[in-house]
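Each chain, letter by letter, is given below.
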Amino acid sequence: MGRAGAFILTCGVWVAVLVTLACGPSTSRTPGVDGGDASVFAVRRSQLMAEIRASDREISEPVLAAVERVDRHRFVRPENVDEAYENRPLPIGEGQTISQPLIVAMMTEALGISPGDRVLEIGTGSGYQAAVLAEMGVRVYSVEIIPALAEWSEENLLNAGYEDIYQRTDDGYFGWEDEAPFDGIIVTAAPDHVPQPLIRQLKEGGRMIVPVGPPGFYQTLWMIEQTGDGVVAENLGLVRFVPLTGEMSAEDP
Ligand code: SAH
């Protein structure tokens, strides 16, 4: 190759580098909140599902499929979109977090729900757990105590295409009396004792999944089943949740 050829080649390489720097490689757009780069999310989502399947928790196919269908990147803050498919909780503002996907899967599994059931969630947060429940084919009622989060989760759910989830801004310690009883109740913030109003809003044969324990430490996740002869409780292991706030310290009515 002569001097001229080498010069043209060198220039060509630099032109290619400059064009790439200016325009960015066409295959790696920055993911946006509303799904800027579906292929990047698809890869991360399948990695997350592999991680959930590899855990020692037994999770059935319908629950795995429900978790897989939910776009978790639509339930996180814009600054956390890149981490949306990591198997960990993420901050959602107001000192609260979106739950870890494996814990969402495990709690959904433990509810033992079937399509058409009516399920009450306490602590809507981002709306992510509510979306997973909706994907299970149940009718979802969700209560959130912080108005800003109630509003944001409603937006998230609508943007993600979930239009028939019933939401309410209130202290979920007292459940949703007007809509009770429920086939399942899932509490996604930790009280320091089992809220009795929630037990009373469970149908016979219905289950409540609730983390109970002091704030700031690990809590015990309980599955509480309403049988004909009272309640039975099963310990599902240690978890870490934000505390249930509100009137919970008051005497049960
Ligand atoms: N299920 C949520 C996780 C939210 S974190 C998700 O998938 O993103 C727990 C949520 O419970 C927070 O949003 C918090 O504000 C809410 N919370 C705490 N105490 C509550 C109460 N007494 N009633 C209703 N919501 C409560």
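Just so it is clear, the model here is predicted, and its values are computed rather than measured.

Caption draft 1: Representation of the pairing of strand β7 (residues 202-212) within the structure. Note: strand β6 (residues 182-187) against β7, 4 bridges, orientation parallel. Note that in β7 the partner of G184 across the bridge is R207. The pairing of β7 with strand β8 (residues 219-227) spans 6 bridges and is antiparallel. Looking at β8, one finds that V212 is bridged to T220. Between the end of β7 and the start of β8, which pair antiparallel, lie 6 residues, with G216 showing a positive phi angle near 85°.

Caption draft 2: Looking closely at the pattern of salt bridges. Inspection of every chain in the model, using the stated rule, returns 11 salt bridges. In this structure, the salt-bridge partner of R168 is D170, at a minimum N-O distance of 2.3 Å. The class of D170 is partly exposed, set by a relative accessible area of 31%. Its salt-bridge partner being D183, residue K203 comes within 3.0 Å of it at the nearest N-O pair. With K203 in strand β7 and D183 in strand β6, this pair connects stretches of sequence that are 20 residues apart. The buried category is assigned to D183, whose relative accessible area is 17%. Among the ionic contacts, a cluster of salt bridges with common partners joins R45, D71 and R74.

Caption draft 3: Fine view of the side chain of D117. Mapped onto the elements, D117 comes out in the loop between α4 (101-111) and β3 (118-122). We note that D117 is buried and unpaired, the nearest opposite charge coming from K203 at a distance of 6.1 Å. Only 2.9 Å separates the side chain of D117 from the backbone nitrogen of S114, close enough to count as a polar contact. Those residues within four positions of D117 in sequence are excluded, and the remaining contacts are V138, R139 and D183.

Caption draft 4: Structural detail: the packing of aromatic side chains. On inspection of all chains with the given rule, the structure shows 6 aromatic pairs. Aromatic pair F41 and Y85: ring centres 5.7 Å apart, planes at 50°, arrangement tilted. Of the two residues, F41 sits in helix α2 (residues 38-54) while Y85 sits in the loop between α3 (61-69) and β1 (90-93), which places them 44 residues apart along the sequence. Between F75 and Y128, the ring centres sit 6.2 Å apart and the planes meet at 55°, which makes this aromatic pair tilted. Of the two residues, F75 is situated in the loop between α3 and β1 and Y128 in helix α5 (residues 128-135); the sequence distance between them amounts to 53 residues. Residue classification places Y128 among the buried positions, given a relative accessible area of 2%. Taken together, the aromatic side chains of Y141, Y166, W176 and F182 make up a single cluster linked through ring pairs.

Caption draft 5: Fine view of the site of the ligand. Close to the ligand lie 26 residues, the nearest being S126, E144, D171, G172 and T245. Residue E121 places a side-chain N or O atom 2.9 Å away from a nitrogen atom belonging to the ligand. Between the ligand and T245, the relevant distance is 2.7 Å, taken from a nitrogen atom to a main-chain nitrogen or oxygen of the residue. Alone, the ligand offers 590 Å² of accessible surface; in the complex the protein occludes 99% of this. Per-element tally for the shell around the ligand: the top contributor is strand β2 (residues 96-98), with 3 residues. The residue makeup of the shell around the ligand, split by class, is 11 nonpolar, 11 polar and 4 charged.

Thresholds, definitions, all that
Residues numbered from 1 in each chain as written. Predicted model: local features only at pLDDT ≥ 70, side-chain atom pairs only at ≥ 80, totals over all residues. Heavy atoms only, no water. Pairing = 2+ DSSP bridges. Helix = DSSP H or I, 4+ residues; strand = E, 2+ residues; numbered from the N terminus. Salt bridge = Lys/Arg side-chain N within 4 Å of Asp/Glu carboxyl O. Buried < 20%, exposed > 50% of the residue type's maximum accessible area, 1.4 Å probe, protein only. Lys, Arg positive; Asp, Glu negative; His and termini not counted. Polar contact = N/O pair within 3.5 Å; in protein donor to acceptor, adjacent residues only side chain to side chain. Contact = heavy atoms within 4.5 Å. Phe/Tyr/Trp six-rings, centres within 6.5 Å; stacked < 30°, edge-to-face > 60°. Near = heavy atom within 4 Å. Areas by Shrake-Rupley, 256 points an atom, 1.4 Å probe, with all protein chains shown as cover. Nonpolar A, V, L, I, M, F, W, Y, C, P; charged D, E, K, R; others polar.

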